[in-house]
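# Results of the structural survey
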Amino acid sequence: MSSGKEPKSKKLRLETSESIPSSPTDPPPQPRRVVSREVNWITLDEGKLHGQHLSDRAPANFYVKYLVEDRGSLAGRCTRVWCVYQEVFESDPLLDRYQNKLSKGKRVMKGPYALKIYNADMFTEAYEQDILVKAMNIHQSTPLDGVLLPTHVWHLGDILFLVRGLTQDERPPKIPLDKMKNRQEVFTISAFKRTLSQFETVEEFYHVLIGVLRGIESLQAINIIHRDISFGNIIIDKEIYCGTDKEFELIDVDGQDGPVALVRRETVDIGARGGLHDLDMAAYIPKAVFVQKLGIPSLDVPPQEVAPTELVSPVQQNPQRDWRTGTVPFMSIPVLIGGQHSVTDDLHSLFFVLYLSFFTFDERLPNCFPNAPPPLRYRWPEAFLEWMGPDRKLSTLGSSKTNFFSNNGNWYDALNSNALSLWRTSNDKAFKWVYWSMLGTFYKQLWFLRNDAPIRIGVSLEEQKEVTPLSIRTALQTKLENLDMNSDIALVDRVKSIKA
């Protein structure tokens, strides 16, 4: 039985169940009480470690503090993330810090960590090329600044076999090969960090985005693109614990003879103030970029991505591979209209993160790290809701975004009319000029308007050169250093003063 010291979410729950007959004449027997428990422990098989020598000692037992994210379903990736504490080995120097508080033989867990499970599509490039583990190996010798990588990965088995009891030769014959995806059950463990929604100040918010650009740059240096940059995949490096979190705590847990010690792990530094995690959808930078012609306004492709040889659609190469991926509201325009992913598309996605932040993040959330933050509530203008949209073709969404950001009035008016209060002036509640200045700097690095086409991608406004993560990072950093983030000047007032 759990003690009073254990979190309420972990206590035994007893619910009274009423008997509901299936028919008036034949009611089935029903239990009088239903017993359910939250997960306390997760144990992983050390023999299932992937990409590491079995001699490498890896954590196998995890105390679950709470469920962070649950995208469980009957099909697909079924992603779940827990905030956990992992078992401490006797050789861990961290024990020296708490030796006066620990009695001999007491079970010690350190954290917080993020334990993630997902069903990886075995036909994605990320899985086939084992990109995550390769990045982890590179990171051990050459740190990838701005990127948070797992410390360990487990491959538990083929989902067709684990769940359905099927082998590769026993697929239902009537289901097309490209309609039934084979998946691998994957666990990863990494440091638990604050996400973008938990920024402390506006200055930190912009420094985090600049850190993400450093992460894109680090991945580009090893020939990798992320392909799924969104709110949820951006983390903040600095670990600011809330006042109620304790460095050392004894708790009683069901199934344990005595209290378990939870201790705070060592700080993990990613080499930038913000960065990326989750390389589940990553891919190598293509030597040639396939661009599908869809009869909508054409977009220029950065010249370094064009090869003189004939380009072949990845769908033709492997009909089971999803060659367009990402979180739809943040997907780049070229990918939406049918292009293959490139570094430029990661930059587009980050721009959309910045733009949509003005309609997503209001007054700063109270710091509750490492406890669960309040869920995000999207209050986007109606014009943006279609960007969420599973009911519209991606090419249509790409055309819609092209038109929206080709017309300065559209995206400016949306900011002035619908941006949340955090980004507005204190008196007339207009959009602040300093935030527009940062946004405009990013925009000009990606696009410029011309008469013969609504938008051009990959060339800067001033120098007509190829866009890179470094060029945008430098431009934003310079702009941030020369702006007063506390300025309360409205954009409209700033424009009037310039014209005068």
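All residue numbers here refer to positions counted from 1 along the written sequence of the relevant chain. A pLDDT threshold of at least 70 governs which residues receive local features in this predicted model, and a stricter bar of 80 or more applies before side-chain atom pairs are shown or counted, although totals over entire chains, interfaces and linings include all residues. Each side-chain value is derived from all of the structure's non-hydrogen atoms; neither hydrogens nor water enter the calculation.

## Things to note about the nonpolar core
- Note on terminology: a nonpolar core comprises buried Ala, Val, Leu, Ile, Met, Phe, Trp, Tyr and Cys residues joined through side-chain atoms within 4.5 Å. Relative accessible area decides the class of each residue, using a 1.4 Å probe on protein chains only: under 20% of the type maximum gives buried, over 50% gives exposed, and in between gives partly exposed. Counting 80 residues, the largest nonpolar core has Tyr206, Ile234, Leu350, Phe351, Tyr355, Phe358 and Trp423 as its most contacted members.
- Only DSSP runs of H or I covering at least 4 residues are called helices, and only runs of E covering at least 2 are called strands; the numbering of each starts at the N terminus. Broken down by element, the residue count for this core peaks at 10 residues, all from helix H4 (residues 202-221).
- Contacts between residues were defined by any pair of non-hydrogen atoms, one from each residue, lying within 4.5 Å. In contact with Tyr206, not counting residues within four places along its chain, are Leu354, Phe358, Trp423, Tyr435, Met438, Leu480 and Met485.
- Counting residues in hydrophobic clusters, the runner-up holds 14 residues, among them Val64, Val84, Leu115 and Phe187.

## A short note on the packing of helix H7 (residues 343-357) against helix H11 (residues 433-446)
- Contact geometry of H7 with H11 gives a least axis separation of 11 Å together with a crossing angle of 155°. Here H7 lies roughly antiparallel to H11, going by the angle between them. As for the relative orientation of H7 and H11, their crossing is left-handed in sense. For the pair H7 and H11, the contacting residues are Leu347, His348, Leu350, Phe351, Leu354 and Tyr355 in the first and Leu439, Phe442, Tyr443 and Leu446 in the second.
- Of the residues in the contact of H7 with H11, the class split is nine nonpolar, one polar and no charged. Every angle, taken between N-to-C directions, lies between 0 and 180 degrees, and every axis is a line fitted to C-alpha atoms, over only the stretch in contact when it is a helix. Comment on the angle field: the value is read as roughly parallel under 35 degrees, roughly antiparallel over 145, roughly perpendicular from 65 to 115, and oblique elsewhere. Handedness of each helix crossing follows the sense of rotation of the near helix against the far helix: counterclockwise by less than a right angle gives left-handed, clockwise gives right-handed. Just so you know the grouping, Ala, Val, Leu, Ile, Met, Phe, Trp, Tyr, Cys and Pro go in nonpolar, Asp, Glu, Lys and Arg go in charged, and all remaining residues, Gly too, go in polar.

## Description of the confidence of the model for the chain
- Predictor confidence is given residue by residue as pLDDT, running from a minimum of 0 to a maximum of 100. Mean pLDDT over the chain works out to 77, with 72% of the residues at or above the 70 mark.
- The low-confidence segment residues 450-464, where pLDDT is below 50, has 46 contacts with residues more than four positions distant or belonging to other chains.

## Notes on the environment of Met281
- Within the fold, Met281 resides in the loop between strand E14 (274-276) and strand E15 (283-284).
- Residue classification places Met281 among the buried positions, given a relative accessible area of 18%.
- The residues contacting Met281, other than those within four sequence positions of it, are Arg77, Ala126, His226, Arg227, Asp228 and Thr325.

## Overview of the state of the cysteines
- In this description, the term disulfide denotes a pair of cysteine sulfurs within 2.5 Å. Inspection of every chain in the model, using the stated rule, returns zero disulfides.
- The thiol of Cys368 is unpaired, and the distance to the nearest cysteine sulfur, on Cys242, comes to 6.7 Å.
- Given the relative accessible area of 17%, Cys368 is considered buried.

## Description of the pattern of salt bridges
- A side-chain nitrogen of Lys or Arg and a carboxyl oxygen of Asp or Glu constitute a salt bridge if their distance falls within 4 Å. All told, the structure shown has 15 salt bridges when counted by the stated rule.
- Put simply, Asp280 and Lys116 hold a salt bridge, and the shortest N to O gap is 2.2 Å. Of the two residues, Asp280 sits in the loop between E14 and E15 while Lys116 sits in strand E6 (residues 108-121), which places them 164 residues apart along the sequence.
- Among the residues examined, Asp280 registers a relative accessible area of 13% and is labelled buried.
- Judged by its relative accessible area of 7%, Lys116 is buried.
- Within this structure, Lys193, Asp237, Glu239 and Arg265 form a network of salt bridges that share partners.

## Topic: the pairing of strand E8 (residues 183-191)
- Burial runs high along E8: nine of the nine residues are buried.
- Any two strands with at least two DSSP bridges between them are considered paired. Relative to E8, E6 runs antiparallel, the two sharing nine bridges. Opposite Lys116, over in E8, you have Thr188 as the bridge partner.
- As paired strands, strand E7 (residues 152-158) and E8 are joined by six bridges and run antiparallel to one another. Its bridge partner being in E8, Val153 is matched across the sheet by Thr188.

## Concerning the sheet that holds E14
- Strand order across the open sheet formed by three strands is E9-E11-E14, with antiparallel pairing between neighbours. Each end of this open sheet is capped by a strand with a single partner; those strands are strand E9 (194-195) and E14.
- Bridge count for strand E11 (residues 234-236) against E14 is three bridges, and the pairing is antiparallel. Note on E14: the bridge partner recorded for Ile234 is Leu276.
- Of the strands in this sheet, E9, E11 and E14 touch H4, which is tilted by about 40° from E14.

## Notes on the pairing of strand E4 (residues 61-70)
- Sheet analysis places strand E3 (residues 41-43) next to E4, joined by three bridges and oriented antiparallel. Among the inter-strand pairings, Trp41 is bridged to a residue of E4, identified as Tyr63.
- Across seven bridges, the pairing between E4 and strand E5 (residues 80-87) is antiparallel. Each bridged residue has a counterpart across the sheet, and for Val64 the counterpart in E5 is Val84.

## Some remarks on the packing of H4 against helix H12 (residues 469-481)
- Two elements in contact, H4 and H12, have axes separated by 9 Å at closest approach and are oriented at 160°. For the element pair H4 / H12, the angle class is roughly antiparallel. For H4 against H12, the interelement crossing comes out left-handed. Side by side, H4 and H12 meet where Tyr206, His207, Ile210, Leu213, Arg214, Ile216, Glu217 and Gln220 of the first sit next to Pro469, Leu470, Ile472, Arg473, Leu476, Gln477 and Leu480 of the second.
- Broken down by class, the residue content of the contact of H4 with H12 amounts to nine nonpolar, three polar and three charged.

## A word on the side chain of Arg424
- Position of Arg424 among the secondary structure elements: in the loop between helix H10 (408-418) and H11.
- Any pair of N or O atoms that falls within 3.5 Å is considered a polar contact. Within protein, one atom must be able to donate a hydrogen and the other to accept it, and sequence-neighbouring residues count only if both atoms are side-chain atoms. At 2.5 Å, the side chain of Arg424 and the backbone oxygen of Ala419 are in polar contact.
- Those residues within four positions of Arg424 in sequence are excluded, and the remaining contacts are Leu415, Asn416, Ser417, Asn418, Ala419, Lys429, Ala430, Phe431, Lys432 and Asp488.

## Focus on a nonpolar patch on the surface
- What makes a patch is a set of residues exposed beyond 30% relative accessible area and free of salt bridges, joined within 9 Å when like-charged and within 5 Å when nonpolar (Val, Leu, Ile, Met, Phe, Trp, Tyr). Residue exposure ignores everything except the shown protein chains as possible cover, and the areas themselves are Shrake-Rupley values with a 1.4 Å probe. Side chains of Leu376, Tyr378, Leu385 and Met388 sit close together on the surface and give an oily, nonpolar patch of about 350 Å² of accessible area.
- Mapped onto the elements of the fold, Leu376 is located in the loop between H7 and helix H8 (382-385).

## Some words on helix H2 (residues 131-141)
- Those residues of H2 that sit buried are Ile131, Leu132, Val133, Ala135 and Met136.
- If you follow the buried residues of H2, they end up packed against E6, helix H1 (125-128), E7, E8, strand E10 (224-225) and E15.

## Thoughts on the packing of aromatic side chains
- Between the rings of Phe, Tyr and Trp (Trp by its six-membered ring), a pair exists once the centres lie within 6.5 Å; its type follows the angle of the planes, with under 30 degrees stacked, over 60 edge-to-face, and the other angles tilted. Throughout the structure, instances matching the rule amount to 33 aromatic pairs.
- Between Phe351 and Tyr443, the aromatic rings sit 6.2 Å apart at their centres with planes inclined by 55°, giving tilted as the arrangement. Of this pair, Phe351 sits in helix H7 while Tyr443 sits in helix H11, and the two are 92 residues apart along the sequence. A single burial state applies to Phe351 and to Tyr443, both of which are buried.

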